[in-house]
Amino acid sequence: MRLRVRFSKLGKVRWISHRDVARCLERAFRRVDLPVAYSGGFSPRPKVSFGLALPTGAESEAEYFDVQLVSEIDVDALPARLSAALPVGIDVQAAVPIDDRAGSLQEEVVACRWELSVRSDTSLETVRARVDEALSASELLVNRERKGVVVNDDIRPAILSLEALETAVGGSGVVSASAEKPPVTLAAVLATTNRGLRPAELAAALGLDPAYVGLRRTHQWIERDGARIEPLALAGPLSAGLAAERLNGGQRRAG
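None of these values were measured; they are calculated from a predicted model. (Residues numbered from 1 in each chain as written. Predicted model: local features only at pLDDT ≥ 70, side-chain atom pairs only at ≥ 80, totals over all residues. Heavy atoms only, no water.)

**Student:** Would you take a moment to explain the side chain of Arg 2 for this structure?
**Tutor:** Residue placement: Arg 2 occurs in strand β1 (residues 2-9). At 3.2 Å, the side chain of Arg 2 forms a polar contact with the side chain of Asp 66. For Arg 2, the contacting residues outside a window of four places in its chain are Asp 66, Val 67, Gln 68, Val 96, Pro 97, Ile 98, Asp 99, Asp 100, Arg 101, Ala 102 and Gly 103. (Helix = DSSP H or I, 4+ residues; strand = E, 2+ residues; numbered from the N terminus. Polar contact = N/O pair within 3.5 Å; in protein donor to acceptor, adjacent residues only side chain to side chain. Contact = heavy atoms within 4.5 Å.)

**Student:** Explain empty space enclosed by the protein here, please?
**Tutor:** A water-sized probe, rolled over the atoms, reveals where empty space remains. Per the counting criterion, the structure on display carries one cavity of 30 Å³ or more. Estimated volume of the largest cavity: approximately 100 Å³. Taken together, Phe 7, Lys 9, His 18, Val 21, Phe 50, Gly 51, Leu 52, Leu 54, Glu 63, Tyr 64 and Gln 220 make up the full set of residues lining the largest cavity. Among the elements of the structure, β1, α1 (18-31) and β3 (59-68) are those that each provide at least two residues to the lining of the largest cavity. Per-class residue counts for the lining of the largest cavity are six nonpolar, three polar and two charged. (1 Å grid on protein atoms, 1.4 Å probe; cavity = no way out; pocket = protein on both sides within 12 Å on 5 of 7 lines; lining within 4 Å. Points joined across faces, edges and corners; volume = space filled by probe spheres on them. Nonpolar A, V, L, I, M, F, W, Y, C, P; charged D, E, K, R; others polar.)

**Student:** Looking at this structure, how should I read unusual backbone geometry?
**Tutor:** Backbone geometry follows two general trends: most residues other than glycine have a negative phi, and most peptide bonds adopt the trans configuration. In this structure, Asn 194 is a non-glycine residue whose phi angle is positive, near 50°. Inspection of the secondary structure assignment puts Asn 194 in the loop between β9 (184-191) and α5 (199-205). A relative accessible area of 76% places Asn 194 in the exposed class. Even without glycine at this site, Asp 225 takes up a positive phi of about 55°. Tracing the chain through its elements places Asp 225 in the loop between β10 (213-224) and β11 (227-229). (Buried < 20%, exposed > 50% of the residue type's maximum accessible area, 1.4 Å probe, protein only.)

**Student:** Where do I start with helix α4 (residues 124-136) in this structure?
**Tutor:** Think of an α-helix as turning once every 3.6 residues; residues three or four places apart then point the same way. In a regular helix each residue adds 1.5 Å, so 13 residues correspond to 18 Å; α4 covers 18 Å between its end C-alpha atoms and thus fits that length. Considered for burial, the residues of α4 that qualify are Leu 124, Val 127, Val 131 and Ala 134. Projected down its long axis, α4 carries its buried residues within an arc of 95°, all on one side. Every exposed residue of α4 that faces more than 90 degrees away from the buried side is listed here: Glu 125, Asp 132, Glu 133 and Ser 136. As for α4, its buried residues are in contact with β8 (159-165) and β9. (Expected span 1.5 Å × (residues − 1). Arc of directions from axis to C-beta.)

Set out below in structure tokens:
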């Protein structure tokens, strides 16, 4: 039995790394006695494959992993079971069985939607002007290091959409702002293939200091017959249920 699982990473737990999240999940598997399949050899590892790594310090409403099991389980009950065994801020939202022939998340995800919350002393007009300039440019060059050599890459083709909004993302990933001047939110869809674009690189290209920009990934997209869909869509809003309760002071668990 192979499952695809969707989870969120919100609040202070955003500061733990992708590797640490993987360790938290492996411990949760053991706590709930999930019948995970293991590789052979001298150092058996659980057969779990993750989607695109989330930058440390970023929040996400849409993270994924695939896990191979050795026996069938009650899939509907799994989100609540796993969430109860995970640190506050990491919540399993949904799980579904998938075909063994389904492609890997690393290969299939072609784009991600991000919300970047810009510090409050940068005006909406300034951010919108920089967005318009970037979208109208024929190329947008950034310096990247590849194999020890610094090269200029054109990131303009990787910006699939970009819009500045005067609205807060919400949650701990947002830079604090006064009530009189809410933060500006950049909504961006960025390609992940063919030297995909990281949100911190986009912020720097727009003249924004990435250290003062809150990041939240809201969607990951795969393509089917020309349509963009999520690897595992949710039936209801993220804010409902256990995740909101735990982030607002629910019982804390050890990682």
